[in-house]
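As a plain string of letters, each chain reads:
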Amino acid sequence: MNVAASIPTRPEFEPPAYHVREGREGVALDIRNFNLWYGKAQALHGVSLGIQKGMVTAMIGPSGCGKSTLLRSLNRMNDLIDDLSIDGDINVGGFNIYGSGVDVIALRKRMGMVFQKPNPFAMSIYDNVIYPLRVDGVTKKSILDETCERALRSAALWDEVKDRLKESALGMSGGQQQRLCIARGIASDPEVLLMDEPCSALDPIATAKIEELIGALKGHYTIVIVTHNMQQAARVSDNTAFMYLGRLIEYGDTETIFTRPKKAQTQSYITGQFG
Amino acid sequence: MTDISDPGIRNRTTPDGDNAELTQGKKVRRYTADLSATGEPALWAFGGALAIGILLISSFLFMVFWNGITTFWPKPVAVVTLEDGTVLAGEPTRNERFRPGTAILNAMSEEQRAEVEANGGYATRTLYKTANFDLYGDDFRWIPDYTVTQTSYPPDFYTFERQEWGVFIGRVTGLVIDDQPMAYDPQVMRREQREARQRFNEIRRLERGPIGRINHRLEQERLAIRRAQLRHGADSAEYEAAVAEGNARIQELQARFGEIQSQVAAIRALDQRNRVQLEEIGGRSIEPPLSQIVRYYAANDLSLLDKAGIYFSRWGEFLSSEPREANTQGGVLPAIFGTVAMTMLMVVFVAPFGVITALYLREYAKQGRLVSIVRISVNNLAGVPSIVYGVFGLGFFAYTMGVTIDQLFYPERLPTPTFGTGGILWASLTLALLTVPVVIVASEEALAAVPRSMREGSLACGASKWQTIRYVVLPKALPGIMTGLILAMARGAGEVAPLMLVGVVKLAPALPVDGFWPFIHLERSFMHLGFHIFDVGFQSRNSEAGKPMVFVTTLLLLGLIVAMNSTAIIIRNRLKRKYASSHF
Ligand SMILES: Nc1ncnc2c1ncn2[C@@H]1O[C@H](COP(=O)(O)OP(=O)(O)OP(=O)(O)O)[C@@H](O)[C@H]1O
Ligand SMILES: [Mg+2]
């Protein structure tokens, strides 16, 4: 399957209003001394991390260590939670997304997100895929059709669903739904793809497909993936961040983290001694 | 039974243990919980009570159904001779046991009294529908069965359904065609009656169509003059011009009115020349015009096919025509129309209000004490007696809003109220108010049931909050919201008490929809099947005559509600299937 050949190029609609400024060379998301509190409980402690452009960054760590929290901070999904406070910066292209006057909606349009459990909407497969464009005000049918096909091809789903695009997305299998969510995440051709345990509800074959997909999408998108599966992290990622109790313990290229970790905690986690 | 003192044995419950006991030949007392501890008696009591309740309701529904379905089946006419020599003719309607008083007992013969005593002091009597209200002053008579010496079903007895005075039961003695008396000939009668009915309908059509239009325009002219007077004053030149102009047109209209009127009078005169001579069993006769005869048949001389024909023709009349004879005869079309229109209007009002309120409470309002209070109040609103809503509807909608509307927009019609009295608009608004809590509660639940992950998925795509609600949350919640609307509809369609205050009438002069601009007249009063039942069954001059109508109308109302609800349920299930979820 030649996925790389069908990588979408940017469709010809206006870029979102959010203004992009180029930041530090090679760093797509620059997290600096980031702290986050749910009410009074601190969930992230001074996390600093530069996520590199066009690469796959895996976040690993035991349950409850704050991986999802950090990931959701990147596109400000945490804004939905009452009584949340943060401190520190996250720079996207040299622009602090927690600064004043940031258009959160425009920010989110630049980042696709795939959740742990597939969450297709109660609409047709076609409408699901083009949803990001539709909320962006794109109505031209040719653009929508083209985007739908490209996104579904990129998500390795096109051949399975091309004859049933008008059917409800809720009638698909779990693995198909998750790939549909990936297609939706990349439909508006974002810069960053955030994935929170995208394979945890899937069987090994569907997981393999998605891993293959991640490999194919790499280079074009900056991908951040949260995973509990060490082999998966080792297989798909270029860089790995290990978190523990809300702190970033170690960050480096995947091979180093998995073969010669500097910290004892990392060592014991990846060898399965806790977590 | 021997008591087993060792608790260890008692607790053995395995089959092996039991077998071991049996093989040893010992008697084993099995462990049984105290009755009150298992809760079984309570279960049985409540279950039984519920079963009895359901049984009673379903047998009532069956009775309504059976009576409603059989009402229009033509019944034979019995001619009974009583022991005192009286002869009467009527349809045996029903039969019951009664306990004769001493005066009646004393008047009985020896063997009759013995029979009553053998029956434990009871005798039976039959209710005959003797009809002929114009001659007898009543429609029904109870005849004790023991006084009947002879019953026969002569084939020459006819049942006549008349336009006025209800049914006539008797013989046909002759015809008067074009003022020429002649012998009764069934074929001539049939032909002439059909023609007479056509003439009757033609008069109707003229009254409805041209005369109605002229009346409407006359009214418009008068209103125009009045408007000019209100706007410019009674001694202004404009007013005088309007009067002159209006009067000219009024005169023209009145001339046309006179023309049609004389046309109608000519038909009426023709009608009076074609009559049928009828004679009741006692020998008194009447001679009504043929056009007054809606339907007639030889009650004891009908084939099954004839009966079925009459049966369906009656259903047809019932469903497609207007009531006559103080609603006890004829059809209920205006009431069907009123019920459906009112319910639809109510849904149109209640749906946006209910859904928007639920959206606000669930999606936008900050969940706190205030919202809790609002929510509790909404829930409690559902418990307010419906008549209270009626009073509110009358006081607020009709007497406050309606009167204001009249003063602002219809001053020329005052003091006749337009919106300032009950009408279908106010009635449906009142019912919308009555049912809005149901819709709010159901919609809130449906919105809350939309998974958080879906909303997050949408927001992560860069959708705004409203886009998320509009495209993701509402479609997903729609079946649940529809369920609320269905419940509201079921409640609203069957509600009568508040409607009696805000616009339902016994006989509406016109439907809320007609051919005069603006075609839909929401200020008009209307008829309603529920109120029709109440009126026919319990408010009319003789409730016995209305009784069959009560059953048929109840059946129809139930059918209508079932039909409206099933339509809504089908739509909802379609939606559900469209978004059917599969699992993995
Ligand atoms: N909405 C919330 N309100 C309050 N506390 C929260 C909320 N979400 C997460 N937390 C807390 O923040 C901490 C980090 O949670 P987070 O979901 O980021 O963990 P995680 O690393 O993703 O875990 P897992 O691997 O189980 O998904 C946990 O202690 C959790 O209890
Ligand atoms: Mg998580």
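Novice: Help me understand the overall build of chain B, please; the structure alone is not making it clear to me.
Specialist: Along chain B, the regular secondary structure elements total 19 helices and 13 strands. Since a compact globule built from 584 residues should have a radius of gyration of about 25 Å, the 34 Å found for chain B marks it as more spread out than a globular shape. C-alpha atoms of chain B, sized along the principal axes, occupy 110 × 90 × 45 Å. Across the 584 residues that make up chain B, the buried fraction comes to 43%. In chain B, the share of contacts with a sequence separation of at least 24, taken over all contacts with a separation of at least 6, comes to 70%. Carbon and sulfur atoms make up 61% of the accessible area of chain B, which amounts to about 31300 Å² in all. Mean positive and mean negative side-chain charge positions of chain B (60 and 57 charges, respectively) differ by 9 Å.

Novice: What's the story with the site of ligand 1 in this structure? I'm lost.
Specialist: Residue and element names in this part refer to chain A. Surrounding ligand 1, one finds Y38, A43, S63, G64, C65, G66, K67, S68, T69, I81, E197 and H228. One nitrogen or oxygen atom from the side chain of K67 is found 2.8 Å from an oxygen atom belonging to ligand 1. One of the side-chain N or O atoms of E197 is found 3.3 Å from an oxygen atom in ligand 1. Burial of ligand 1 by the protein amounts to 58% of the accessible area it has alone, namely 630 Å². Element by element, the count of residues in the shell around ligand 1 is highest for helix 1 (residues 67–74), at three residues.

Novice: Can you walk me through the side chain of T553 of chain B in this structure?
Specialist: Residue and element names in this part refer to chain B. With respect to the helices and strands, the residue T553 is situated in helix 19 (residues 543–578). With a relative accessible area of 0%, T553 lands in the buried category. Engagement of the side chain of T553 in a polar contact is seen with the backbone oxygen of M549, the distance being 2.5 Å. Setting aside anything within four residues of it in sequence, one finds T553 in contact with F318, L529, H532 and I533.

Novice: Which parts of the structure should I look at to understand the packing of aromatic side chains?
Specialist: Tallied over the entire structure, the rule returns 22 aromatic pairs over all chains. Consider the rings of Y158 of chain B and Y296 of chain B, whose centres lie 6.3 Å apart with planes at 35°: the pair is tilted. Placement of the pair is Y158 of chain B in strand 6 (residues 158–162) and Y296 of chain B in strand 11 (residues 293–298), with a sequence separation of 138 residues. Each member of the pair, Y158 of chain B together with Y296 of chain B, is buried. By the ring-pair criterion, three or more aromatic residues cluster together here, those being F392, F396, F397, Y410, F419 and W426 of chain B. Here R184 of chain A stacks its cationic end above the ring of F121 of chain A, 4.1 Å away from the centre of that ring.

Novice: Mind showing me how you'd approach empty space enclosed by the protein here?
Specialist: Picture a little ball the size of a water molecule; that probe, rolled over the atoms, points out where space is still empty. On inspection of all chains with the given rule, the structure shows two cavities of 30 Å³ or more. Looking at the largest cavity, its volume works out to about 70 Å³. For the largest cavity, the lining is made up of 13 residues, of which M111, G112 and G185 of chain A together with A460 and C461 of chain B are closest to its centre. A per-element tally of the lining of the largest cavity places strand 6 (residues 111–114) of chain A first, with three residues.

Novice: Quick question: what am I supposed to make of the sheet that holds strand 10 (residues 247–253) of chain A here?
Specialist: Each strand in a sheet pairs with another by means of backbone hydrogen bonds, the pair being arranged parallel or else antiparallel. Residues and elements named next belong to chain A. Strand order in the open sheet formed by six strands is 6-7-8-3-9-10, and the pairing between neighbours is mixed. Of all the strands in the sheet, just strand 6 and strand 10 have a single pairing partner and so form its edges. Here the strands of the sheet are splayed against their neighbours by 15° on average, with no regard to which way each runs. As paired elements, strand 9 (residues 239–244) and strand 10 share six bridges and run antiparallel to each other. Note on strand 10: the bridge partner recorded for N239 is D253. Of the strands in this sheet, strand 3 (56–60), strand 6, strand 7 (192–196), strand 8 (222–226) and strand 9 are in contact with helix 1, which crosses strand 7 at around 155°.

Novice: What should I look at first to understand the interface of chain A and chain B in this one?
Specialist: When the parts of a complex come together, some accessible area is lost, and that lost area is often taken as the interface size. Listed per partner, the contact involves 27 residues of chain A and 23 residues of chain B. The largest share of the area that chain A buries against chain B comes from A122, Y131 and L170 of chain A, three residues that together contribute 24% of it. Between E456 of chain B and R72 of chain A there is a salt bridge whose closest N-O contact spans 3.0 Å. Summed over the shared surface of chain A and chain B, the result is four residue pairs in polar contact (both at pLDDT 80 or more). Of all the secondary-structure elements, those providing two or more residues to the side of chain A that touches chain B are helix 2 (104–109), strand 6, helix 4 (131–135) and helix 7 (174–187) of chain A.

Novice: I'm lost on helix 7 of chain A in this one. Help?
Specialist: Side chains three or four residues apart in an α-helix point the same way, a direct result of the helix having 3.6 residues per turn. Residues and elements named next belong to chain A. With 14 residues, helix 7 extends 20 Å from end C-alpha to end C-alpha; this agrees with the ideal 20 Å at 1.5 Å per step. In terms of residue burial, helix 7 counts as a mostly covered element, since 14 of its 14 residues are buried. Positive phi shows up at D189, right after helix 7, with a value of about 50°.

Novice: I tried to follow the confidence of the model for chain A on my own but got confused; where do I start?
Specialist: When pLDDT drops low, the exact placement of atoms in the prediction is not to be read closely. Per-residue confidence for chain A averages 83 on the pLDDT scale, and 90% of its residues sit at or above 70. Considering only residues more than four positions removed or in separate chains, one finds that residues 1–25 of chain A, a stretch of pLDDT under 50, has 55 contacts.

Novice: Please clarify how unusual backbone geometry should be interpreted in this entry.
Specialist: For residues besides glycine, phi is generally negative; the peptide bonds are generally trans as well. In this model, L245 of chain A sits at a positive phi of 50°, which is unusual for a non-glycine residue. Summarising the element assignment, L245 of chain A is placed in the loop between strand 9 and strand 10. Since its relative accessible area comes to 56%, L245 of chain A is described here as exposed. Residues other than glycine seldom take positive phi values, yet N132 of chain B does so here, at roughly 50°. Mapped onto the elements of the fold, N132 of chain B is located in the loop between strand 3 (123–129) and helix 7 (133–136). Given the relative accessible area of 0%, N132 of chain B is considered buried.

Novice: What is the right way to look at the packing of helix 13 (residues 386–409) of chain B against helix 14 (residues 424–448) of chain B in this model?
Specialist: A pair of packed helices is captured by two measures, namely the crossing angle of their axes and the spacing between those axes. Residues and elements named next belong to chain B. At a minimum axis distance of 9 Å, the contact between helix 13 and helix 14 shows a crossing angle of 135°. By the angle between their directions, the pair helix 13 and helix 14 is classed as oblique. As for how helix 13 packs across helix 14, the hand of that crossing is right-handed. Only W426, L429, T430, L433 and L434 of helix 14 make contact with helix 13, whose side of the interface consists of S386, Y389, G390, F392, G393, F397, A398, M401, G402 and I405. Class assignment for the residues of the contact of helix 13 with helix 14 results in 10 nonpolar, five polar and no charged.

Novice: What exactly am I supposed to notice about the confidence of the model for chain B here?
Specialist: Residues and elements named next belong to chain B. Looking at chain B, the pLDDT average stands at 85 and 92% of residues meet or exceed 70. Below pLDDT 50 for its whole length, residues 1–23 participates in 16 contacts with residues either more than four positions away or in separate chains. This prediction of the complex comes with two scores: 0.78 for pTM and 0.86 for ipTM.

Novice: Mind showing me how you'd approach the domain arrangement of chain B here?
Specialist: Residue and element names in this part refer to chain B. Its domain assignment divides chain B into domain 1 (1–30), domain 2 (79–152), domain 3 (167–302) and domain 4 (338–578). In this structure, domain 2 and domain 3 have C-alpha centres spaced 43 Å apart. Contact with domain 2, which involves 13 residues of that partner, is made by eight residues of domain 3. A per-residue breakdown of the area domain 2 buries against domain 3 is headed by N132, L135 and Y136, which together make up 48% of the total.

Novice: When you look at the environment of R204 of chain B in this model, what are you seeing that I'm missing?
Specialist: Its location among the elements puts R204 of chain B in helix 8 (residues 186–232). Owing to a relative accessible area of 34%, R204 of chain B belongs among the partly exposed residues under this scheme.

Novice: Which parts of the structure should I look at to understand the sheet that holds strand 5 (residues 95–96) of chain A?
Specialist: Residues and elements named next belong to chain A. If you trace the four strands from one edge of the open sheet to the other, you get 2-1-4-5, paired in antiparallel fashion. The open sheet terminates on both sides in strands that have one partner only, identified here as strand 2 (41–52) and strand 5. For strand 4 (residues 84–92) and strand 5, the ladder comprises two bridges, and the chain directions are antiparallel. Its bridge partner being in strand 5, N91 is matched across the sheet by N96. Each of strand 1 (27–38), strand 2 and strand 4 is contacted by helix 1, which is oriented at about 120° to strand 1, the strand it contacts most.

Novice: What am I meant to see in the pattern of salt bridges here?
Specialist: Should their charged atoms come close, side chains of opposite charge can pair. All names here are of chain A. Going through the model one piece at a time under the given rule, you end up with 41 salt bridges over all chains. The shortest N-O distance in the salt bridge between R76 and D79 comes to 3.0 Å. On the accessibility criterion, R76 (14% relative accessible area) is buried. A residue is classified by how much of its surface remains accessible, and D79, at 32% relative accessible area, is partly exposed.

Rules used throughout
Residues numbered from 1 in each chain as written. Chains lettered and ligands numbered in written order. Predicted model: local features only at pLDDT ≥ 70, side-chain atom pairs only at ≥ 80, totals over all residues. Heavy atoms only, no water. Helix = DSSP H or I, 4+ residues; strand = E, 2+ residues; numbered from the N terminus. Rg over C-alpha atoms; globule rule 2.2 N^0.38 Å. Buried < 20%, exposed > 50% of the residue type's maximum accessible area, 1.4 Å probe, protein only. Contact = heavy atoms within 4.5 Å. Areas by Shrake-Rupley, 256 points an atom, 1.4 Å probe, with all protein chains shown as cover. Lys, Arg positive; Asp, Glu negative; His and termini not counted. Charge placed at Lys NZ, Arg CZ, Asp CG, Glu CD. Near = heavy atom within 4 Å. Polar contact = N/O pair within 3.5 Å; in protein donor to acceptor, adjacent residues only side chain to side chain. Phe/Tyr/Trp six-rings, centres within 6.5 Å; stacked < 30°, edge-to-face > 60°. Lys NZ or Arg CZ within 6 Å of the ring centre and 35° of its normal. 1 Å grid on protein atoms, 1.4 Å probe; cavity = no way out; pocket = protein on both sides within 12 Å on 5 of 7 lines; lining within 4 Å. Points joined across faces, edges and corners; volume = space filled by probe spheres on them. Pairing = 2+ DSSP bridges. Axes fitted to C-alpha atoms, helices over the stretch in contact; angles between N-to-C directions. Buried area = accessible area lost by both parts, 1.4 Å probe. Salt bridge = Lys/Arg side-chain N within 4 Å of Asp/Glu carboxyl O. Expected span 1.5 Å × (residues − 1). pLDDT = per-residue confidence, 0-100. Parallel < 35°, antiparallel > 145°, perpendicular 65-115°, else oblique. Left-handed = near helix turned anticlockwise from the far one by under 90°. Nonpolar A, V, L, I, M, F, W, Y, C, P; charged D, E, K, R; others polar. Domains from an automatic or database assignment.

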